[in-house]
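# Report on the structure
One-letter residues, chain by chain:
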Amino acid sequence: MVPPQWSRASVVPALAVLTVALAGCAMDDRDGGSTAEGGRGTPSPVATANRVSLVQKLGDDGPLRSLTIEPDGRWECDDCAGDGVTSTGSLDAEQVQRLHGLLADPRLARETDQARRYRASCIDALTSSLVTAAGLITSQDCPGEERPAVAGEILLLLTQATPAEPTR
């Protein structure tokens, strides 16, 4: 049961993050993790910093779409086009370099939900949550809401290079 002080708009992104976090843990276990030495153990800080996930949900009833981008640019997208299909691919070298630069941008830490004290406020909007080493960054596709600058560039890059969608 959800405590009454939690709004539905704040629970949906939290559930999406939990789903991505658990999937990320399962992926690390499945592939043995990555380390600076290339063996099993603790992931290298660079690899962790350059991994990003995008979770999207349209309104309260829409399917959960998830996209994970590995540090080397490989991606897997579950239901990104809302068609139930899982697709895979890879960013090109220029896109990987651009993504790594954006993920390393110090402004990204100021764009996290915690830093902005973000609260989802739109009903039936597309909610996009980026999970980065800096933290969770959520935005909604609704009138009057501005996307954080760096996170907005990451979202645009990911949606142009994969089947994920930037808006409804």
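In this report, we go over the structure that sits alongside the text.

Calculation rules
- Residue numbering note: each chain is counted from 1, following its sequence as written.
- Local features in this predicted model are restricted to residues whose pLDDT is 70 or higher, and side-chain atom pairs enter the listing and the counts only when it is 80 or higher, whereas totals over whole chains, interfaces and linings include all residues.
- Computation of side-chain values covers all heavy atoms of the structure but excludes hydrogens and water.
- Note on terminology: a nonpolar core comprises buried Ala, Val, Leu, Ile, Met, Phe, Trp, Tyr and Cys residues joined through side-chain atoms within 4.5 Å.
- Burial classification: accessible surface area is computed with a 1.4 Å probe over protein chains only, and a residue below 20% of its type maximum counts as buried, one above 50% as exposed, and the rest as partly exposed.
- In this description a helix means any DSSP run of H or I spanning at least four residues, a strand means any run of E spanning at least two, and both kinds are numbered starting from the N terminus.
- Whether two residues are in contact is decided by their heavy atoms, any of which lying within 4.5 Å being enough.
- Each residue after the first adds 1.5 Å to the expected span of a helix.
- Grid points spaced at 1 Å over the protein atoms alone were grouped into cavities, where a 1.4 Å probe fits but cannot get out, and pockets, open sets with protein on both sides within 12 Å along at least five of seven lines, with lining residues defined by an atom within 4 Å of a point.
- Grid points are joined across faces, edges and corners, and a volume is the space filled by probe spheres set on the points.
- Think of it as the arc spanned by the lines of direction from the helix axis to the C-beta atoms.
- We call two strands paired when DSSP finds no fewer than two bridges between them.
- Orientation is described by lines fitted to C-alpha atoms, with helices fitted over the stretch in contact, and by angles between N-to-C directions that extend from 0 to 180 degrees.

## Section: the nonpolar core
Formed by 23 residues in total, the largest nonpolar core has its most connected members in Leu67, Ile69, Leu99, Leu130, Ile154 and Leu158. Contributing elements (two or more residues each) for this core: strand 1 (52-58), strand 2 (64-69), strand 3 (74-78), helix 3 (93-104) and helix 5 (149-161). Element by element, the count of residues in this core is highest for helix 5, at 7 residues. With residues up to four places along the chain from it excluded, the contact list for Leu99 reads Val52, Ile69, Leu91, Ile154, Leu157 and Leu158.

## Structural notes on helix 5
For helix 5, built from 13 residues, the straight-helix expectation of 18 Å at 1.5 Å per residue is met to within 8% by its first-to-last C-alpha distance of 19 Å. Taken as a whole, helix 5 has its buried residues at Val150, Ala151, Gly152, Ile154, Leu155, Leu157, Leu158, Thr159 and Ala161. On its buried side, helix 5 packs onto strand 1, strand 2, strand 3, helix 3, strand 5 (126-132) and strand 6 (135-140).

## A short note on empty space enclosed by the protein
In this approach, a probe sized like a water molecule rolls over the atoms, and the result shows the empty space that is left. Scanning the model with the defined rule gives 2 cavities of 30 Å³ or more in all. Size it by volume and the largest cavity reaches roughly 50 Å³. Taken together, Leu54, Ser128, Leu130, Ile137, Thr138, Ser139, Arg147, Pro148, Ala151, Gly152 and Leu155 form the lining of the largest cavity. Mapped by element, the contributors of at least two residues to the lining of the largest cavity are strand 5, strand 6 and helix 5.

## A closer look at unusual backbone geometry
Look at Arg117: it is not a glycine, yet its phi comes out positive at around 55°. The phi torsion at Asp124 lies on the positive side, around 60°, for a residue other than glycine.

## Describing helix 3
For helix 3, built from 12 residues, the straight-helix expectation of 16 Å at 1.5 Å per residue is met to within 8% by its first-to-last C-alpha distance of 17 Å. Turning to helix 3, its buried residues are Val96, Leu99, Leu102 and Leu103. For helix 3, the arc enclosing every buried residue in end-on projection is 130°, short of the 170-degree limit, so these residues lie on one face. For helix 3, exposure combined with an orientation more than 90 degrees from the buried face picks out Ala93, Glu94, Gln97 and Ala104.

## Things to note about the sheet that holds strand 2
Strand order in the open sheet formed by 6 strands is 4-3-2-1-5-6, with antiparallel pairing between adjacent strands. Looking at strand neighbours, the two that pair on one side only are strand 4 (86-90) and strand 6, the edges of this open sheet. The mean angle between the axes of side-by-side strands here comes to 15°, regardless of whether they run parallel or antiparallel. The pairing of strand 5 with strand 6 spans 6 bridges and is classified as antiparallel. Residue Thr127 lies in a different strand from strand 6, and its bridge partner there is Gln140. On the sheet, helix 5 packs against strand 1, strand 2, strand 3, strand 5 and strand 6 and is oriented at approximately 105° with respect to strand 5.

Worth remembering: the numbers are spatial, not functional.
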